Amino acid sequence: MDRRANQLAHRLLRLGAGEEAPVAILMERSIDVVVAFLAVVKTGACYLPLHSAYPLERMQWIVDHADRPILLADSAMRKRGLPQSGPTVIVDTDEETATLPESDPAIAASPEQLAYVMYTSGSTGTPKGVAVTHRDVMGLVAEPCWRNGHHERVLMVAPYAFGVSTYEVWVQLLHGHHIVVAPHGELDVATLRRLLRDEEITAVHLTAGLFRVVADEAPECLAGLREVMTGGDVISSAAVQQVMEACPGLLVRAMYGSTETTLFATHAPMTDPSDLGAIVPIGRPMEGMRAYVLDEELAPVADGEVGELYVAGIGVARGYFGRPDLTAERFVADPFTGSGERMYRTGDLARWTPAGLLDFVGRGDDQVKIRGFRVELAEVEAALTAYSGLSQVAVAAHEVEPGEKRLAAYVVTDSEQLDIADLRSYAQARLPDYMVPAAFTVLTALPLTPNGKVDRKALPTPDFDRSSAYRPPHTPTQQTLCTVFAEVLGVTRPVGIDDSFFELGGQSLLAMRLLLRIELEWGLKLGIEVLFDAPTVSLLAKHVDQEIVEAGTSAPQLGQ
């Protein structure tokens, strides 16, 4: 791996890579991603990972903002279409790289140099790049909790364009531990179970949403682990209890942080289900980090009172790449040290418990977490506003069950007939799937507060249950799938054969549940790509019937 990284580093240097110059990375999840990360930092440059699931338009905006840097891609991504950038290397077919020296290029780097830039959802309507230094990464790597013997074999399962990759790659490599790279794409519960068992994984990080799915569907699959970490959203206490009861002795660690704090800032280890309360705390600051709960005057609030959470210490990022205005707004002087250090204003509301732990209370702004991903409502609104025929747009998040939120869009149109399906397709072409609203509601006007702002509390409850005119099932397979759709998606009205899983609010975590139910019903193991190709009951039923014939199994009879 090191020799391959050295060769790729020499290739990058010949293309002009150098100190703090961004190098974009767009690949399927594979060992090539790890090699690329290593190669970039060996040149003194910083890597800029692009999420392979991003629409091309979003990726193009990011590389344009980074002044069209060198791009490292693979053949699979080239087939899908690459953004227009600087010199491009297709790493799995590039012949020149294999001819270059295997020796380390020996480029010196200071701790204050950038290691990577990761783009997250932005409140101004466009993504913002978080600039993280080598010192920030080493602060995370030095955290003592990684030295408890639990992290010898870790599954690289998160999208590498998000902060969790800092743990999955750098914490592992710099401690001499193993990285097991999961197959590309969304993992279903059955595949996760197989990987954890066959690869003898000792620790894994699962987003709060995926953790909840595993807890509900197959908590026993975590029994072979020594530790499971979860976070990125509100953690279900019931899910933690289910996992602990199914896996005695397993350490469950609640994690809290953001890309701006180099992934993790606080943590709360849990081993005894009897100690759980209704709320899972986000815990205490990690080593080298500090947490403050402050009022509007930046004064500490009393224990038990709610205030805004600020994070300071070794993991606080440099700021936002190319955005000094946003940096000044969110990275502010720490008034408690007198040393000129900065603290990050998280926008989260929190309180200290009598036990000295932090409880997450909610958000203080328009940012929400959807499936563990940070979403600025303003960015979704900006994307929809560009659609022809819309005069006003508002987006809100609604909690459909504890810990699960869905986005709803409210639009005012100046055209006689708005094609909602076309509007949804427009959004899907410009936003990641987790930022596409699950419901669209047409209003004659948006409700306003007395000072003229959108009154989000007055927006009507969206109808997540409706995606098309109702047509009843006609075959046993259709009937079973209609029932399963309704149960998995929490739909209260009858599901028809023309209803689309995704237009009813389905997303990847719910897709895992649906595919597991199909496996239990018919013994068929379907990949999530099948659901993208056949999202309606009618289309999916045809696929299931075909698989049943090929597998030689039997379908249920109508009414069973």
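The structure displayed is predicted, hence computed values, not measured ones. Throughout, residues of each chain are indexed from 1 in the direction in which the sequence is written. Totals for whole chains, interfaces and linings use all residues, but because this is a predicted model, local features are given only for residues with pLDDT of at least 70 and pairs of side-chain atoms are given and counted only at 80 or more. Side-chain metrics in this entry use all non-hydrogen atoms of the structure; hydrogen atoms and water are not considered.

Caption draft 1: Up close: the overall build of the chain. In this description a helix means any DSSP run of H or I spanning at least four residues, a strand means any run of E spanning at least two, and both kinds are numbered starting from the N terminus. Helices and strands together make up the secondary structure of the chain, namely 16 helices and 24 strands. Our radius of gyration looks at C-alpha atoms and nothing else; its globule reference is 2.2 Å times the residue count to the power 0.38. A globule of 560 residues ought to have a C-alpha radius of gyration of about 24 Å, and the chain, at 24 Å, matches this closely. Taken along the three principal axes of its C-alpha coordinates, the chain extends 70 × 60 × 55 Å. Burial classification: accessible surface area is computed with a 1.4 Å probe over protein chains only, and a residue below 20% of its type maximum counts as buried, one above 50% as exposed, and the rest as partly exposed. Taken over 560 residues, the chain has a buried fraction of 56%. In the chain, the share of contacts with a sequence separation of at least 24, taken over all contacts with a separation of at least 6, comes to 65%. All accessible-area figures derive from a Shrake-Rupley calculation using a 1.4 Å probe, and residue coverage is judged against the displayed protein chains alone. When the accessible surface of the chain is totalled, it reaches about 23000 Å², and 50% of it is carbon and sulfur. Charged residues are defined here as Lys and Arg on the positive side and Asp and Glu on the negative side; His and the ends of the chain fall outside this count. Lys charges are placed at NZ, Arg charges at CZ, Asp charges at CG and Glu charges at CD. Put simply, the chain has 47 plus and 74 minus side-chain charges, and the middle of one group is 2 Å from the middle of the other. Whether two residues are in contact is decided by their heavy atoms: any pair within 4.5 Å suffices.

Caption draft 2: Seen up close, the confidence of the model for the chain. Of all residues in the chain, 97% attain a pLDDT of 70 or more, and the chain-wide mean is 91. Within the model, pLDDT remains below 50 along residues 556–560, and this stretch shows 9 contacts once partners closer than five positions in the same chain are excluded. pLDDT expresses how confident the predictor is about each individual residue, on a scale running from 0 to 100.

Caption draft 3: Looking closely at unusual backbone geometry. Phi is positive for R68, close to 50°, though the residue is something other than glycine. By secondary structure assignment, the location of R68 is in the loop between α3 (56–65) and β3 (70–73). Although it is not a glycine, L263 sits at a positive phi angle of roughly 85°. In this fold, L263 is placed in the loop between β11 (251–256) and β12 (266–270). Classification of L263 by relative accessible area gives buried; the value is 9%.

Caption draft 4: Inspection of the packing of helix α13 (residues 476–489) against helix α16 (residues 537–551) at higher detail. To obtain each axis, a line is fitted to C-alpha atoms, and for helices this fit is confined to the stretch in contact; angles are then taken between N-to-C directions over 0 to 180 degrees. Remark: α13 packs on α16, axes separated minimally by 9 Å, with the N-to-C direction vectors making an angle of 125°. In terms of their interaxial angle, α13 and α16 are classed as oblique. Between α13 and α16 the crossing geometry is right-handed. The residues of α16 that touch α13, namely those facing T477, Q478, L481, C482 and F485, are V537, S538, L540, A541, V544 and D545. Its residues assigned to classes, the contact of α13 with α16 comprises 7 nonpolar, 3 polar and 1 charged. Relative orientations are named as follows: roughly parallel for angles under 35 degrees, roughly antiparallel for angles over 145 degrees, roughly perpendicular for angles from 65 to 115 degrees, and oblique for any other angle. Throughout, a crossing is termed right-handed when the near helix is turned clockwise from the far one, and left-handed when it is turned anticlockwise from it by less than a right angle. Side-chain classes follow a simple rule in which Ala, Val, Leu, Ile, Met, Phe, Trp, Tyr, Cys and Pro form the nonpolar group, Asp, Glu, Lys and Arg form the charged group, and the remainder, Gly included, forms the polar group.

Caption draft 5: Examining the nonpolar core more closely. If you look at the biggest cluster of nonpolar residues, it comprises 111 residues, and the most contacted ones within it are L72 and W146. Ranked by the residues each element gives to this core, the list is headed by helix α2 (residues 31–42), at 9 residues. In this view, W146 contacts L140, V141, H151, Y167, V171, H175, H177, M229, M255, F264 and M286; residues no more than four positions away in its chain are not counted. The nonpolar core is taken to be a set of buried Ala, Val, Leu, Ile, Met, Phe, Trp, Tyr and Cys residues, with the residues joined through side-chain atoms within 4.5 Å. If you look at the next biggest cluster of nonpolar residues, it comprises 38 residues, including L222, V228, I235 and V243.

Caption draft 6: Structural detail: the sheet that holds strand β24 (residues 439–442). Overall, mixed pairing links the 3 strands, which are arranged β22-β23-β24 in an open sheet. Across the chains shown, the open sheet's two edge strands, defined by having one partner strand only, are β22 (390–401) and β24. Strand-to-strand twist in this sheet, taken as the mean axis angle between neighbours without regard to direction, amounts to 25°. DSSP calls a pair of strands paired once it identifies at least 2 bridges connecting them. Across 4 bridges, strand β23 (residues 404–413) lies against β24 in parallel orientation. Bridging from a neighbouring strand, A409 pairs with F440 of β24. Each of β22, β23 and β24 is contacted by helix α11 (residues 377–385), which is oriented at about 140° to β22, the strand it contacts most.

Caption draft 7: Spotlight on the environment of V132. Relative to the helices and strands, V132 is located in strand β6 (residues 128–133). Sequence spacing of V132 and V454 is 322 residues, and the spatial spacing of their C-alpha atoms is 35 Å. Setting aside residues no more than four positions away along its own chain, V132 makes contact with Q113, L114, A115, Y116, V137, T259, T262 and A317.

Caption draft 8: Molecular detail of the packing of α13 against helix α14 (residues 508–522). Their axes nearest at 10 Å, the elements α13 and α14 cross at an angle of 140°. Crossing of α13 over α14 shows right-handed handedness. The residues of α14 that touch α13, namely those facing T477, T480, L481, V484, F485, E487, V488 and L489, are L510, R513, L514, R517, I518, E521 and W522. In terms of residue class, the contact of α13 with α14 is built from 9 nonpolar, 2 polar and 4 charged.

Caption draft 9: Summary view of the side chain of D348. The residue D348 is located in strand β18 (residues 342–352) in this model. Residue classification places D348 among the buried positions, given a relative accessible area of 8%. Among the polar contacts listed, one links the side chain of D348 to the side chain of Y256, at a separation of 2.5 Å. Ignoring anything within four residues of it in the chain, the contact list for D348 reads Y256, G307, E308, L309, F360, G362 and R363. Polar contact is defined as a pair of N or O atoms within 3.5 Å, subject to the rule that within protein one atom must be able to donate a hydrogen and the other to accept it, and that residues adjacent in sequence are counted only when both atoms are side-chain atoms.

Caption draft 10: Focus on helix α1 (residues 2–14). For a helix, the expected span equals 1.5 Å multiplied by the residue count minus one. End to end, α1 covers 19 Å across 13 residues, agreeing with the expected 18 Å (1.5 Å per residue, within 8%). For α1, the full list of buried residues reads A5, N6, Q7, L8, A9, H10, R11 and L12. Against β1 (22–26), α2, β3 and β4 (88–90) lie the buried residues of α1. Looking one or two residues past α1, G16 carries a phi angle of roughly 105°, positive in sign.

Caption draft 11: The pattern of salt bridges, seen in detail. Any Lys or Arg side-chain nitrogen found within 4 Å of a carboxyl oxygen on Asp or Glu counts as a salt bridge. Under the definition given, this model contains 28 salt bridges. With a shortest N-O distance of 3.7 Å, E102 and R3 are connected by a salt bridge. Pair noted here: E102 is in the loop between β4 and β5 (114–120) and R3 is in helix α1, with a separation of 99 residues, a long-range link. Owing to a relative accessible area of 44%, E102 belongs among the partly exposed residues under this scheme. Of the residues examined, R3 reaches a relative accessible area of 55% and is grouped as exposed.

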